[in-house]
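One letter stands for each residue in the lines below.
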Amino acid sequence: MRKFLLRFFIVGTCCNPAWVEAAQKLSFCYETWHPFAYVNEAGKAAGEHIELLKQALAMTDYQAVFIELPFMRCLKQVKNGQIDFVLHVDETDNFELINHPIGSWDLLLVYKFGQQKHLSVNEKNRSAKVLIARDYAYPQVVLDTLNTMAVEIIQKSFYTSNTEEVKRLFKLLEAGFVDAILVDKSWAEYEMSRQNIQVTLSEEILYSQPQYIGYVDRNRATAQKVYSALVAMSQK
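Analysis parameters
Residues numbered from 1 in each chain as written. Predicted model: local features only at pLDDT ≥ 70, side-chain atom pairs only at ≥ 80, totals over all residues. Heavy atoms only, no water. Buried < 20%, exposed > 50% of the residue type's maximum accessible area, 1.4 Å probe, protein only. Helix = DSSP H or I, 4+ residues; strand = E, 2+ residues; numbered from the N terminus. Arc of directions from axis to C-beta. Contact = heavy atoms within 4.5 Å. Polar contact = N/O pair within 3.5 Å; in protein donor to acceptor, adjacent residues only side chain to side chain. Disulfide = S-S within 2.5 Å. Pairing = 2+ DSSP bridges. Core = buried A, V, L, I, M, F, W, Y, C linked by side-chain atoms within 4.5 Å. Salt bridge = Lys/Arg side-chain N within 4 Å of Asp/Glu carboxyl O.

Engineer: Any chance you could explain helix 7 (residues 185-195) here in plain terms?
Structural biologist: Side chains three or four residues apart in an α-helix point the same way, a direct result of the helix having 3.6 residues per turn. Within helix 7, the full set of buried residues consists of Trp187, Ala188, Glu191 and Gln195. Taken around the axis of helix 7, the buried residues stretch over an arc of 95°, which confines them to a single face. Contacts made by the buried residues of helix 7 are with helix 6 (163-174), strand 10 (180-184) and strand 11 (199-201). Two or three places before Ser186, at the start of helix 7, stands the capping residue Asp184, its side-chain oxygen 3.3 Å from that residue's backbone nitrogen.

Next comes the structure, spelled out in structure tokens:
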């Protein structure tokens, strides 16, 4: 009888969904970046990189929890230990990195639709204004390129929580407030297709930077398990 009760206790404990779920959650924060990570119409985390992580962690004992936040707040909460991991960081963000890229940040300039004259990266453009995000740590090579171009740099938050905010960002070109905006190629193409936004993308990518999952040192052991899951997923 004692053996039966012991066996029942072990099976019941191991199979209790609430206990397992509480013990195995990993939290990931991210800023909206279509088409890779965003909140869909049902209020759920969605996107190519979200699905990649869900599928990879499905092969482990972990369950992923995704939290959408402005980028700087996301970084702060990971550093403070409130969240386990941050999506889409690189060497400039001062985090430990899971050494398995999940995407690429491909920066280029976007112009007003139909604008014939584009800014030259090899010449001085002293009367031109270029809008960049104030929330991101751009690689030094990007800042050096803009400095060489001699443009006036204007900084603004690129955090957008809905389609109207995205439209307002691009309307700065149409209104002539700036001559170009520095954006990610995949994001711009996605928004152009989704909202029928008419702008012109430069054919030249100024800089391409692999993007990683970031963490702080106290999460190193767990990060290794996430790394192993991503590697296994890539080999399927």
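Still to come is the rest of the account.
Engineer: Sorry, what's going on with the state of the cysteines here?
Structural biologist: Counted by the stated rule, this structure contains 1 disulfide. Each sulfur of the disulfide joining Cys29 and Cys74 lies 1.9 Å from the other. Handedness here is read from the sign of the S-S torsion; for Cys29 and Cys74, about 90°, the answer is right-handed. In this pair, Cys29 is assigned in strand 1 (residues 25-30) and Cys74 in helix 4 (residues 71-79), connecting sequence segments 45 residues apart. Accessibility assignment for this pair places Cys29 and Cys74 in one class, buried.

Engineer: It is not clear to me how the pairing of strand 7 (residues 103-112) should be interpreted in this structure. Could you clarify?
Structural biologist: On a regular strand, one side chain projects to one face of the sheet and the next to the other, so that they alternate. Most of strand 7 sits inside the fold, with 7 of its 10 residues counted as buried. Sheet topology places strand 7 next to strand 12 (residues 207-215); 5 bridges connect them, and they run antiparallel. From the neighbouring strand, Asp106 faces strand 12, where its bridge partner is Ser208. In terms of strand pairing, strand 7 meets strand 10 through 4 bridges, oriented antiparallel. In the sheet register, Leu109 faces strand 10, and the bridge partner there is Leu182. Sheet topology note: the strand 7/strand 11 ladder contains 3 bridges and is antiparallel.

Engineer: Please clarify how the nonpolar core should be interpreted in this entry.
Structural biologist: Side chains of a nonpolar character, in soluble globular proteins, are inclined to be buried together. Formed by 38 residues in total, the largest nonpolar core has its most connected members in Leu109, Leu119 and Leu182. Broken down by secondary-structure element, the contributors of at least two residues to this core are strand 7, strand 8 (129-133), helix 5 (140-149), helix 6, strand 10, helix 7 and strand 11. Examining the composition of this core, we find that 6 residues originate from one element, strand 7, more than from any other. Ignoring sequence-local partners within four residues, the contact set of Leu182 consists of Leu107, Leu108, Leu109, Val130, Leu131, Ile132, Tyr138, Val142, Leu146, Phe158 and Leu206. In terms of nonpolar packing, the next biggest core, distinct from the first, is built from 21 residues, Leu87, Ala229, Leu230 and Met233 among them.

Engineer: How should unusual backbone geometry be read in this particular structure?
Structural biologist: Between His34 and Pro35 the backbone carries a cis peptide bond, its omega angle lying at 0°. Inspection of the secondary structure puts Pro35 in the loop between strand 1 and strand 2 (38-39). Notably, His88 is not glycine yet its phi reads approximately 65°, a positive angle. Mapped onto the elements, His88 comes out in strand 5 (residues 85-89). For Ala150, which is not a glycine, the phi torsion comes out positive at approximately 60°. Checked against the element boundaries, Ala150 lands in the loop between helix 5 and strand 9 (152-156). The buried category is assigned to Ala150, whose relative accessible area is 17%.

Engineer: Can you help me understand the pattern of salt bridges in this one?
Structural biologist: One side chain can pair with another of opposite charge once the charged atoms of both are near each other. Within this structure, the stated rule accounts for 6 salt bridges. In this structure, Glu51 engages Lys54 in a salt bridge whose closest nitrogen and oxygen atoms are separated by 3.7 Å. Taken as a pair, Glu51 and Lys54 lie in helix 3 (residues 48-57) at a separation of 3 residues, close to a single helical turn. Since its relative accessible area comes to 33%, Glu51 is described here as partly exposed. In this structure Lys54 comes out as partly exposed when scored by relative accessible area, which is 37%. Lys167 is the partner of Glu164 in a salt bridge, and the nearest nitrogen-oxygen pair spans 3.7 Å. Taken as a pair, Glu164 and Lys167 lie in helix 6 at a separation of 3 residues, close to a single helical turn. Classification of Lys167 by relative accessible area gives partly exposed; the value is 29%. Taken together, the shared-partner salt bridges in this structure form one network comprising Glu96, Asp217 and Arg220.

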